[in-house]
Amino acid sequence: MCGRLNQFAKLPALSLAGRALRVERRKASAKEDVRSKAPSVHNLCPTDYADVLTMEESELVATRMRFGLIPSWAKGGKAEVNKKFRLTFNARSETIFELASYRHSVMQRRCLVPVTGWHEWPDRGKPYFIHNADGSPLLLAAIWDVWQSPLAEDQASGPMHTSMSVVTTPPGRYMAKFHDRSPLVLDDERALAWLSPGQAKEELQSFFQPYESELLEAYRVSNASLLPQNKSAESLVPISSPVPQMGDVPVANENETPELGL
């Protein structure tokens, strides 16, 4: 699973497929939920808003989207749909074409979520932060949709949710140390191709491969990341040495990682 995202204070410079890409930030619709204006970048949880990249007329556009997709056809007001779709923050690659919440978006509305990394919990209460060791951005494949409340009572707080779900796959070798699922990370040509319109189901299925990279690194962090209300960088501070790439044993089955300085 991928239930805690961390992003950049400023949109990162991106160079994909050998060319530098400029990202234009799109102003949110006046109808968007007021929570989209929250400036948080650390410890982003389901229902928080995150920066998401889409392709419009061959240009990358950054838009704030709710973490947890609400399909356009959902019935009811904001309180009802937020409760009903509180667990749609991840879309499993194995069922993404079958489930009503995702099947239209995966064919028509694909996006990328730029992150510094994400958190996993191999053991309850023992969070790890996964990131690129050189600090470069990771681009998570995602899908998105737009929903709008028909209720008058929702107009003042913004009746619209532009929302997304991160696609997940079985893990690569390193990620299998921490969880049995992993976000779908895309690099270079594959990242740009994910955004290309008009692809058939079979073409999209070819993206669903476990991510392998020698740059991936994970270390223990404090339990600050367990608290959704904690949006400080404290949730990224290491309290152990990085887990080495070598070996295949899940960290939950290993002895406690040595603390820093010991």
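Note that the structure is predicted; figures quoted are calculated from it, not measured.

Peer 1: Can you explain the overall build of the protein? Please cite residues and give values.
Peer 2: On a plain count of helices and strands, the protein comes out with 4 helices and 14 strands. Against the 2.2 N^0.38 benchmark of 18 Å for 262 residues, the protein shows a C-alpha radius of gyration of 18 Å, consistent with a compact globule. Over its C-alpha atoms, taken along the principal directions, the protein stretches across nearly 60 × 40 × 35 Å. Per-residue burial over the protein gives 51% buried out of 262 residues.

Peer 1: Kindly report on the pattern of salt bridges, identifying the contributing residues and their values.
Peer 2: Overall, the coordinates contain 9 salt bridges when judged by the stated rule. Between Lys 231 and Asp 48 there is a salt bridge, with the nearest N and O atoms lying 2.5 Å from each other. Here Lys 231 is found in the segment after strand E14 (216–220), whereas its partner Asp 48 is found in the loop between strand E4 (23–25) and strand E5 (49–56), with 183 residues between them in sequence. The class of Asp 48 is buried, set by a relative accessible area of 12%.

Peer 1: Lay out the environment of Tyr 49 with the relevant residues and their values.
Peer 2: Mapped onto the secondary structure, Tyr 49 falls in strand E5. Expressed as a C-alpha distance, the spacing of Tyr 49 and Ala 17, which sit 32 residues apart in the sequence, is 28 Å. When residues no more than four places from it in sequence are discounted, the contact partners of Tyr 49 are Glu 32, Asp 33, Arg 35, Ser 36, Leu 44, Arg 64, Met 65, Arg 66, Met 160, His 161 and Thr 162. In this structure the side chain of Tyr 49 is engaged in a polar contact, spanning 2.7 Å, whose partner is the side chain of Glu 32.

Peer 1: Explain helix H3 (residues 188–195) to me, and be specific about the residues and the numbers.
Peer 2: For an α-helix the count is 3.6 residues per turn, leaving residues at separations of three or four pointing the same way. The complete set of buried residues in H3 reads Ala 191, Leu 192, Trp 194 and Leu 195. One side of H3 holds all its buried residues, which, seen down the axis, span an arc of 155°.

Peer 1: Break down the packing of aromatic side chains for me, with residues and values.
Peer 2: Under the criterion given, the structure shown has 8 aromatic pairs. It is Arg 109 that lies over the ring of Trp 144; its NZ or CZ is 4.6 Å from the centre. Stacked on the ring of Trp 194, the Lys or Arg Arg 110 has its end atom at 5.8 Å from the ring centre.

Peer 1: Got a sec to walk through unusual backbone geometry? Specific residues and values, please.
Peer 2: In this structure, Asn 43 is a non-glycine residue whose phi angle is positive, near 55°. Following the sequence through the fold, Asn 43 ends up in the loop between E4 and E5. Look at Asn 43 and you get buried, because its relative accessible area is 0%. In the Ramachandran plot, Thr 47 falls in the positive-phi region, its phi being about 85° despite a non-glycine side chain. Its location among the elements puts Thr 47 in the loop between E4 and E5.

So, how was this worked out
- Residues numbered from 1 in each chain as written.
- Predicted model: local features only at pLDDT ≥ 70, side-chain atom pairs only at ≥ 80, totals over all residues.
- Heavy atoms only, no water.
- Helix = DSSP H or I, 4+ residues; strand = E, 2+ residues; numbered from the N terminus.
- Rg over C-alpha atoms; globule rule 2.2 N^0.38 Å.
- Buried < 20%, exposed > 50% of the residue type's maximum accessible area, 1.4 Å probe, protein only.
- Salt bridge = Lys/Arg side-chain N within 4 Å of Asp/Glu carboxyl O.
- Contact = heavy atoms within 4.5 Å.
- Polar contact = N/O pair within 3.5 Å; in protein donor to acceptor, adjacent residues only side chain to side chain.
- Arc of directions from axis to C-beta.
- Phe/Tyr/Trp six-rings, centres within 6.5 Å; stacked < 30°, edge-to-face > 60°.
- Lys NZ or Arg CZ within 6 Å of the ring centre and 35° of its normal.

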